[in-house]
Amino acid sequence: MRDVMLFLHLAAAILWMGGMAFMLLALRPSLTLVDPPQRVALMTSVLQRFFAVVAISIAVLLATGALLFADAAAVPRGWQAMALIGVLMMLVFGYIFLTPWRRFKLAGAASNWPAAGAAAAQIALLAQVNLGLGWIAIAAVLLWR
């Protein structure tokens, strides 16, 4: 059972981090090739789907993380650090979802391309922070025993 929980935990983390890496390293730089109306429409569609994946990933991470912690006789410090960083990442995502994402959608609906661009830039910056935090969490688990 522990191996199944660990697999699901890793799969959820990989989906979340992989999605952020794809968005930041491949999709976002390529969006300069399209005009603002199409760019905003594409990003709205992509982020709606990605944020649903992130929400499911967070639920899986919380559930499996709790079960893995409960199953461990002594929780290593790296795991503790990962859990703390993971909660911080979830809070950052919550902020993204409730603030710049909302502004992005409203600006896009109003055809306010500069405001949509500013909100998208904030989303990208916070996604960079979360991606960096994710790598730190992985390093903590692997290197801090």
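Treat the numbers as computed from the prediction; the structure is a model and nothing was measured.

Some words on the overall build of the protein chain
Alright, step 1. Helix and strand content of the protein chain: 5 helices and 0 strands.
Alright, step 2. Starting at the N terminus, the α and β elements of the protein chain follow one another as α-α-α-α-α.
Alright, step 3. Here the protein chain holds 145 residues, and the buried ones make up 35% of them.
Alright, step 4. Here the contacts in the protein chain between residues at least 6 apart in sequence split such that 78% fall between residues at least 24 apart.
Alright, step 5. Carbon and sulfur atoms make up 73% of the accessible area of the protein chain, which amounts to about 8400 Å² in all.

Focus: the side chain of Ser57
Alright, step 1. Along the polypeptide, Ser57 turns up in helix H2 (residues 36-71).
Alright, step 2. Looking at Ser57, its side chain comes within polar contact range of the main-chain oxygen of Ala12, at 3.4 Å.

Focus on the packing of helix H4 (residues 100-109) against helix H5 (residues 113-143)
Alright, step 1. In contact at an axis separation of 8 Å, H4 and H5 are set at 155° when each is read in the N-to-C sense. With respect to each other, H4 and H5 are oriented roughly antiparallel. Crossing of H4 over H5 shows left-handed handedness. Here Pro100, Trp101, Arg103, Phe104, Ala107 and Gly108 of H4 come into contact with H5, specifically with Trp113, Ala115, Ala116, Ala119, Ala120, Gln122, Ile123 and Leu126.

Digging into the nonpolar core
Alright, step 1. In this structure, Trp16, Leu47 and Phe104 are the most contacted members of the largest nonpolar core, which totals 34 residues.
Alright, step 2. Elements supplying a minimum of two residues to this core: helix H1 (2-30), H2, helix H3 (77-98), H4 and H5.
Alright, step 3. Considering each element in turn, this core owes the most residues, 9 residues, to H5.
Alright, step 4. Those residues in contact with Trp16 that lie beyond four places of it in its chain are Phe50, Val54, Ser57, Ile58, Leu61, Met89, Met90, Phe93 and Asn130.

So, H4
Alright, step 1. Among the residues of H4, those classed as buried are Pro100, Trp101, Phe104, Ala107 and Gly108. Mapping the buried residues of H4 onto a view down its axis gives an arc of 130°, with all of them on the same face. Across H4 from its buried face, at more than 90 degrees, point the exposed residues Arg102, Leu106 and Ala109.
Alright, step 2. Close packing links the buried residues of H4 with H2, H3 and H5.

Rules used in this analysis
- Residues numbered from 1 in each chain as written.
- Predicted model: local features only at pLDDT ≥ 70, side-chain atom pairs only at ≥ 80, totals over all residues.
- Heavy atoms only, no water.
- Helix = DSSP H or I, 4+ residues; strand = E, 2+ residues; numbered from the N terminus.
- Buried < 20%, exposed > 50% of the residue type's maximum accessible area, 1.4 Å probe, protein only.
- Contact = heavy atoms within 4.5 Å.
- Areas by Shrake-Rupley, 256 points an atom, 1.4 Å probe, with all protein chains shown as cover.
- Polar contact = N/O pair within 3.5 Å; in protein donor to acceptor, adjacent residues only side chain to side chain.
- Axes fitted to C-alpha atoms, helices over the stretch in contact; angles between N-to-C directions.
- Parallel < 35°, antiparallel > 145°, perpendicular 65-115°, else oblique.
- Left-handed = near helix turned anticlockwise from the far one by under 90°.
- Core = buried A, V, L, I, M, F, W, Y, C linked by side-chain atoms within 4.5 Å.
- Arc of directions from axis to C-beta.

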